[in-house]
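A look at the structure
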Amino acid sequence: MPTREKIRQFIMNELVADGSGSELSDTVLLIDSGVIDSLGIMSLLGFLEENFSIQISGEDLVPDNFATISTISDFVAQKSL
Amino acid sequence: MDFELTDEQKVWKETIIKFSRQELAYDIAAVEKSGEFPWDAWRKCAEMQILAMPFAEEYGGCGVDFLTTVHSLNSLGYACKDAGLVHALTTQILCGLQIALFGNEALKLRYLPSLCRGEKVFAQAITEPGSGSDALSMRTKAEKQGEAFILNGSKTFITNGPMADVVIVFAVTAPEKKTLGGISCLVVEDGMEGFSKGKPLEKMGLTTLQNGELFFDNCEVSCDRLLGKEGQGAIIFNESMEWERSLLPAVHLGTMERILEISVKYAKERSAFGKAIGNYQAVANKISRMKMNIELGKGILYRCASLKGRNKRAPLDASICKLFISESLKQACLDAVQIHGGYGFMCEYEIERDLRDSIASTIYSGTSELQHNIIARFMGL
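Residues numbered from 1 in each chain as written. Chains lettered and ligands numbered in written order. Predicted model: local features only at pLDDT ≥ 70, side-chain atom pairs only at ≥ 80, totals over all residues. Heavy atoms only, no water.

A few points about the packing of helix 4 (residues 66-79) of chain B against helix 5 (residues 83-102) of chain B
Residues and elements named next belong to chain B. Two elements in contact, helix 4 and helix 5, have axes separated by 11 Å at closest approach and are oriented at 165°. By the angle between their directions, the pair helix 4 and helix 5 is classed as roughly antiparallel. For the pair helix 4 and helix 5, the sense of crossing is left-handed. The segment helix 4 lies against helix 5, with Phe66, Leu73 and Leu76 engaging Val86, Leu89, Thr90, Ile93 and Leu97. (Axes fitted to C-alpha atoms, helices over the stretch in contact; angles between N-to-C directions. Helix = DSSP H or I, 4+ residues; strand = E, 2+ residues; numbered from the N terminus. Parallel < 35°, antiparallel > 145°, perpendicular 65-115°, else oblique. Left-handed = near helix turned anticlockwise from the far one by under 90°. Contact = heavy atoms within 4.5 Å.)

If you want it as structure tokens, here you go:
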């Protein structure tokens, strides 16, 4: 499964509050819309590190990197280089 | 994971226990009554390099790994009966970790050496009168104006606050954003215009620890005092909680080990109805529960500290660790008082102080209720 879809599936299954099946587009603002909150970001970081074998710390830990599925996907790709 | 103590860890533990028994065996009740902070003990701990342990040598630290730091604090919690002092030291180390992990080079060079030497006292200011467990709903604001932030608001219950020289202040910098991107950390120093500190608040336990209110009234903080990046505050908060929820339980576990020793000794020596009270199951079961919780606590603590020491993420482990060990400590103290009967209730035996101190452990660094919430979220609830 492509990285972007893996991330989307995780967010849909684990972070969307009511578990509703509505689609999340690549550009939906996940933090501003409340999909990712202060607890949700911890789950997301753990998922990204475990599934893509990357380490996220220090300067990488900025909200901009996790704003949308698109930015998360780009961030993972950059960290995986 | 293999948690057999290394030679270095054994040396640190033995040294700290010996040091505590020789240098920190002061009359805590007298210090409590005086309302003063035990400065002499603080300086001795600084000379022992307890505050410097986990920090890099180029910043004045010892360069010791995190698990060894945790083992050492565990020994301090075991051998030093002044939980207020140990909590103040742990808070200082935590502030240093925040600076070491998120500060730029200038901030590290400016603050870490004096932090390690204990010359300056550090505090982190998160809690406000209207936001405790829901810490990120804070109202203290930092409005950017040119090259500075103008800080307004107040904080409360801040550990080391009344005596702090340097405070890491969490404040809202972008109210229009959700908390995750709207909070930032600023490093404020005592003496800056618009910053003032309240008197120490009276508490039921941790009496020698200084907790108080901090006030910010148009306090101008230059942008070079930003810890991390603008909007990174909530993430720094989350990250630092993982470290904190290893450091504090390490101390608590040490205290539990001391409580267990005292209880076993008393249960063997005290007789009732012709035999030692430890022979009665009602007493023995309380002691066996202490032992069981200590061993289980070691497992989750060492796992958590080991993960953090390897810069791994451990939010779930840290919450379980904090919740389990703090609640176990409170129960152990209650049981120890009960085992000692009337003597346990008397100040002379000092167990009542451990009980009073233990109550706070289930409140600070996120209440037990909050830890349950976090664990439940990780279970997908």
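Having seen the model, we can carry on.
Focus on the packing of aromatic side chains
Summed over all chains, the structure comprises twelve aromatic pairs over all chains. Between Phe47 of chain A and Phe52 of chain A, the ring centres sit 6.0 Å apart and the planes meet at 90°, which makes this aromatic pair edge-to-face. Side by side, Phe47 of chain A and Phe52 of chain A carry an identical accessibility label, which is buried. Considering the side-chain rings of Tyr111 of chain B and Phe122 of chain B, the 6.0 Å spacing of their centres and the 85° angle between planes classify their relative orientation as edge-to-face. (Phe/Tyr/Trp six-rings, centres within 6.5 Å; stacked < 30°, edge-to-face > 60°. Buried < 20%, exposed > 50% of the residue type's maximum accessible area, 1.4 Å probe, protein only.)

Observations regarding the domain arrangement of chain B
Residue and element names in this part refer to chain B. Domains assigned within chain B are domain 1 (7-121), domain 2 (123-229) and domain 3 (234-378). Computed from C-alpha atoms alone, the centre-to-centre distance between domain 1 and domain 3 is 21 Å. Across the contact, 24 residues belong to domain 1 and 27 residues belong to domain 3. Roughly 2400 Å² is buried in total at the junction of domain 1 and domain 3, and carbon and sulfur atoms are behind 69% of that figure. Linking domain 1 with domain 3 are three salt bridges, by the criterion used here. In this structure, Glu350 and Lys81 form a salt bridge, with 2.9 Å as the shortest nitrogen-oxygen distance. (Domains from an automatic or database assignment. Buried area = accessible area lost by both parts, 1.4 Å probe. Salt bridge = Lys/Arg side-chain N within 4 Å of Asp/Glu carboxyl O.)

Quick look at the nonpolar core
Counting 124 residues, the largest nonpolar core has Ile11, Ile36, Leu44, Leu48 and Ile72 of chain A as the members making the most contacts within it. Sort the elements by how many residues they give to this core and helix 8 (residues 233-269) of chain B lands first, with 16 residues. Setting aside residues up to four positions removed in sequence, Leu44 of chain A forms contacts with Phe10, Ile11, Leu15, Ile36, Phe66 and Ile72 of chain A. Residues Ala125, Phe149, Val188 and Phe195 of chain B belong to the second largest nonpolar core, which totals 20 residues. (Core = buried A, V, L, I, M, F, W, Y, C linked by side-chain atoms within 4.5 Å.)

Concerning the interface of chain A and chain B
Opposite the 22 residues of chain A that make contact, chain B presents 20 residues. Summed over both sides, the interface of chain A with chain B buries roughly 1900 Å², with 62% coming from carbon and sulfur. The largest per-residue losses of area from chain A upon contact with chain B belong to Leu39, Met42 and Leu61 of chain A, which jointly make up 29% of the total buried on that side. Summed over the shared surface of chain A and chain B, the result is two salt bridges. Arg313 of chain B is paired through a salt bridge with Glu49 of chain A; the nearest N and O atoms lie 3.2 Å apart. There are seven residue pairs in polar contact (both at pLDDT 80 or more) connecting chain A and chain B. Ranked by residues supplied to the side of chain A that touches chain B, first place goes to helix 2 (residues 40-52) of chain A with seven residues. A class-by-class count of the residues in the side of chain A that touches chain B yields ten nonpolar, seven polar and five charged. (Polar contact = N/O pair within 3.5 Å; in protein donor to acceptor, adjacent residues only side chain to side chain. Nonpolar A, V, L, I, M, F, W, Y, C, P; charged D, E, K, R; others polar.)

Some thoughts on helix 3 (residues 69-79) of chain A
Those residues of helix 3 of chain A not exposed but buried are Ile69, Ser70, Ile72, Ser73, Phe75 and Val76 of chain A. Buried-residue contacts for helix 3 of chain A involve helix 1 (3-15) and helix 2 of chain A.

Some remarks on helix 13 (residues 368-378) of chain B
By the burial criterion, the buried members of helix 13 of chain B are Ser368, Gln371, Ile374 and Ile375 of chain B. When helix 13 of chain B is viewed along its axis, its buried side chains cluster within an angular range of 115° and face the same direction. Tucked inside the fold, the buried residues of helix 13 of chain B contact helix 2 of chain A together with helix 8 and helix 10 (315-340) of chain B. In the segment just after helix 13 of chain B, Gly380 of chain B is the residue with positive phi, at about 85°. (Arc of directions from axis to C-beta.)

Looking at the packing of helix 4 of chain B against helix 8 of chain B
All names here are of chain B. Packing of helix 4 against helix 8 brings their axes to within 7 Å, and their N-to-C directions diverge by 40°. Crossing handedness for the pair helix 4 and helix 8: right-handed. Along the contact surface, helix 4 presents Phe66, Thr69, Val70, Leu73, Asn74, Gly77 and Tyr78, while helix 8 presents Trp243, Ser246, Leu247, Ala250, Val251, Leu253, Gly254, Thr255, Glu257, Arg258 and Glu261. Grouping the amino acids of the contact of helix 4 with helix 8 by side-chain chemistry returns nine nonpolar, six polar and three charged.

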